[in-house]
Amino acid sequence: MSEPIISTNPARCRDCYRCVRSCDVKAIRVKDHQAQIVQELCILCGTCVRVCPQKAKSIRSDRRQVIEAIAAGRRVVASVAPSAPAFFDMPDFQALAGAIRALGFEAVEETAVGARMVGLAHGEYGARSLERHPVIASACPVVVNLVERYYPDLIPHLAPIVSPMIAHGRLLKRTYGEDAFIVFIGPCIAKKQEMEDEAVSGAVQAVLTFRGLKEWFDHQGIQCPAEAAPTLEPSSEKARLFALEGGLIGTARMNTDILGTEMIMTSGLEACQDVLKDIRAGRLKAGLVELLACRGGCVNGPAMADMPGGIYLARQRVMEFSARHQSDLSLAREAWPDLGRGYHDRSLPAPAYSEAQIREVLQRVNKFTQEDELNCGACGYPTCRDKAVATLRGLAEVTMCIPYMRQRSESLRQVVMEATPNAILIFNRDLIIQDLSPSAEKIFHCSLPEVQGQPLSRLIPVMDDFVRVRDSGESMIGKTRRILDDLVVELTIVCVKGQGLMLAILKDVTERENERERFNALRTETLQRTREVVSKQMRVAHEIAHLLGETTAESKTIFSHLARLLEEEDHS
């Protein structure tokens with residue numbers, strides 16, 4: 001299997017489910033909190049690439065293959081889509097063609113040549129195939145994918161005609177040889193899959209987006225010349241308008257009046273699906289239906305979403321470009337390549353699940369009654385039951401239910417807030433109170449409604465610690481502080497990263513500190529009294545020693561005198 005055309009960078013994918021909400025066919029699987037494209041379900045509309053706020057979705061690049069083909073000496077030929085003027089705002093086609101040739105391409109031609117053939121072929125097919133009405137135009141590969149995967153019963157209505165890219169690719173192969181390396185350059189991601197489709201494979205070997213081409217230009221230091229625009233002239237050629245709504249019908253030389261009933265022109269996947277549902281129901285009587293997956297047409301393709309200006313500026317650029325004097329796009333009918341193609345049913349039957357299985361999943365997110373099913377769509381699915389089925393299919397996770405997770409979070413928060421004996425205060429970076437635990441209400445003799453939205457200084461006069469933690473971002477853990485005359489706490493202050501909130505935990509240690517102060521006072525008193533007693537003892541001892549010293553001296557004198565007397569008596 002080839003490399004996926006759209007892939008997800010897990011490091012950037014962050015639980016927002018925006019791609020799931022935006023995907024019309026729900027071809028996204030969320031597993032381990034990461035959104036991944038389900039290739040078998042994807043129609044490659046590129047919506048997920050457009051809407052991802054973290055730019056986690058990336059498009060496969062074929063630039064390496066093109067560079068290798070040029071290096072190998074192959075005849076590398078570019079086919080440039082009619083929407084190019086919307087992206088490059090070029091004065092004429094040769095300005096862009098010269099820049100592309102500077103990359104090593106042998107030739108550069110307009111896909112509008114293929115668009116002209118395809119448009120005329122659609123008009124002829126619609127005129128002779130009345131039994132297939134409404135005929136669904138097959139130029140948009142996303143619409144073809146949509147029909148083959150999700151409306152396979154409508155395949156008989158698809159015109160069996162290739163897209164302009166394939167038509168032009170086949171023509172270029174005939175012109176430059178079957179060994180030529182054909183590169184389509186356009187705004188569409190689905191073209192990368194279309195070139196590999198067995199029904200049309202071989203006509204094109206690589207697909208580059210306009211954005212990818214611009215990056216290549218920038219890397220090589222190549223500038224697309226910005227020459228003065230030629231004078232505008234009336235033009236009857238509509239093929240260069242193929243990228244706009246009604247472009248195919250106009251190229252087919254049919255009536256493009258949007259108020260007409262024979263032709264239907266619409267863009268955007270939601271509108272396309274509405275039309276397909278009406279065809280399925282047998283309600284539409286139109287002859288030809290031109291459906292474009294991108295709102296506004298190919299000028300709003302997924303690889304053009306970040307260009308300056310909007311859809312209507314892009315449309316204006318293409319129309320002005322088409323009005324300038326350009327080379328002839330007509331080609332003799334005998335020079336046309338084969339424009340035929342076939343289709344096949346690529347739908348995947350959705351598994352059937354019992355009501356009991358669906359109810360079991362719903363109950364896992366506390367949805368026990370119909371009233372519990374909010375159908376808010378935050379998970380990306382239109383109803384809670386749809387999300388339950390997606391969970392059973394392995395496309396969704398239970399934790400994607402935002403109301404359930406919020407309820408669970410609030411329940412856990414309530415348990416923590418009510419169970420902890422310590423006071424918890426939550427406040428923002430402006431030191432405005434947001435929440436209090438019941439223990440905090442008790443300690444500060446207040447209620448949450450009384451102080452919510454009030455400055456924290458209303459409860460705690462000295463704010464030095466709170467300001468220091470807020471400004472430094474460094475937590476303060478377990479510091480003893482007397483915050484009121486009758487309240488001493490062990491204070492922890494932390495910043496809640498990414499939420500603009502701070503949290504303080506206050507452990508009431510007033511009794512402990514008061515006991516410590518009493519003990520310290522008693523110890524001080526005891527030490528003082530001990531010093532006094534010792535001092536008195538030393539004084540008494542000194543006095544006794546003095547008296548004992550005098551007595552000892554007198555005794556010594558007496559004993560000495562007595563000894564002498566006894567000695568004298570012995571000698572006599």
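Each remark here, short or long, concerns the structure printed above.
Novice: I keep staring at the overall build of the protein and nothing clicks. Help me out?
Specialist: Tallying secondary structure elements over the protein gives 20 helices and 16 strands in all. For a compact globule of 572 residues, the expected C-alpha radius of gyration is about 25 Å, and the protein comes in at 43 Å, more than 25% above that figure. On the principal axes, the C-alpha backbone points of the protein span a range of 175 × 60 × 45 Å. The burial tally for the protein puts 46% of its 572 residues in the buried class. In the protein, the share of contacts with a sequence separation of at least 24, taken over all contacts with a separation of at least 6, comes to 67%. Entry remark: accessible area of the protein is about 29900 Å², with carbon and sulfur atoms responsible for 52%. Positive and negative side-chain charges of the protein, numbering 70 and 74 respectively, have mean locations separated by a distance of 4 Å.

Novice: Can you walk me through the sheet that holds strand β13 (residues 433-436) in this structure?
Specialist: What links the strands of a sheet is backbone hydrogen bonding, and the strands pair in either a parallel or an antiparallel sense. Here five strands make up an open sheet; going across it, the order is β13-β12-β16-β15-β14 and the pairing antiparallel. With partners counted over all chains shown, the strands left at the sheet margins are β13 and β14 (476-484), one partner each. Mean inter-strand twist for the sheet, computed between neighbouring axes without regard to direction, equals 30 degrees. In this structure, strand β15 (residues 487-496) lies alongside strand β16 (residues 501-508), joined through eight bridges in antiparallel fashion. Bridge pairing in β16 places Thr492 opposite Ile505.

Novice: What is the right way to look at empty space enclosed by the protein in this model?
Specialist: Any space left empty among the atoms is revealed by the rolling of a water-sized probe across them. Enumeration over the complete set of coordinates arrives at eight cavities of 30 Å³ or more. As a volume, the largest cavity reaches approximately 300 Å³. Along the wall of the largest cavity there are 24 residues; nearest its centre are Ala139, Pro141, Cys188, Lys191 and Cys298. For the lining of the largest cavity, the secondary-structure elements that each account for two or more residues are α7 (141-150) and α8 (164-176). Considered class by class, the residues forming the lining of the largest cavity number 19 nonpolar, four polar and one charged. Approximately 150 Å³ is the volume found for the second largest cavity. As for the second largest cavity, its lining consists of 18 residues, and the residues nearest its centre are Lys367, Cys379, Cys384, Lys387 and Cys401. Going through the elements one at a time, α14 (355-364), α15 (384-392) and α16 (402-419) are the ones with two or more residues in the lining of the second largest cavity. Among the elements that make up the lining of the second largest cavity, the one with the highest residue count is α15 (three residues). When grouped by side-chain class, the residues that make up the lining of the second largest cavity number 13 nonpolar, three polar and two charged.

Novice: Looking at this structure, I do not really get the packing of aromatic side chains. What am I missing?
Specialist: What describes a pair of aromatic rings is the distance from one ring centre to the other and the angle between the planes of the rings. Following the criterion strictly, the structure yields six aromatic pairs and no others. When the ring of Phe88 is compared with that of Phe210, the centres are 5.8 Å apart and the planes differ by 85 degrees; the resulting orientation is edge-to-face. Separated by 122 residues along the polypeptide, Phe88 in helix α4 (residues 84-88) and Phe210 in helix α10 (residues 210-220) bring together distant segments of the chain. The buried category is assigned to Phe210, whose relative accessible area is 0%. Seen from their ring centres, Phe427 and Phe466 are 5.7 Å apart, and the 70 degrees between their planes marks the pair as edge-to-face. Highlighted residues: Phe427 in strand β12 (residues 423-428) and Phe466 in helix α19 (residues 464-472), separated in sequence by 39 residues.

Rules used throughout
- Residues numbered from 1 in each chain as written.
- Predicted model: local features only at pLDDT ≥ 70, side-chain atom pairs only at ≥ 80, totals over all residues.
- Heavy atoms only, no water.
- Helix = DSSP H or I, 4+ residues; strand = E, 2+ residues; numbered from the N terminus.
- Rg over C-alpha atoms; globule rule 2.2 N^0.38 Å.
- Buried < 20%, exposed > 50% of the residue type's maximum accessible area, 1.4 Å probe, protein only.
- Contact = heavy atoms within 4.5 Å.
- Areas by Shrake-Rupley, 256 points an atom, 1.4 Å probe, with all protein chains shown as cover.
- Lys, Arg positive; Asp, Glu negative; His and termini not counted.
- Charge placed at Lys NZ, Arg CZ, Asp CG, Glu CD.
- Pairing = 2+ DSSP bridges.
- Axes fitted to C-alpha atoms, helices over the stretch in contact; angles between N-to-C directions.
- 1 Å grid on protein atoms, 1.4 Å probe; cavity = no way out; pocket = protein on both sides within 12 Å on 5 of 7 lines; lining within 4 Å.
- Points joined across faces, edges and corners; volume = space filled by probe spheres on them.
- Nonpolar A, V, L, I, M, F, W, Y, C, P; charged D, E, K, R; others polar.
- Phe/Tyr/Trp six-rings, centres within 6.5 Å; stacked < 30°, edge-to-face > 60°.

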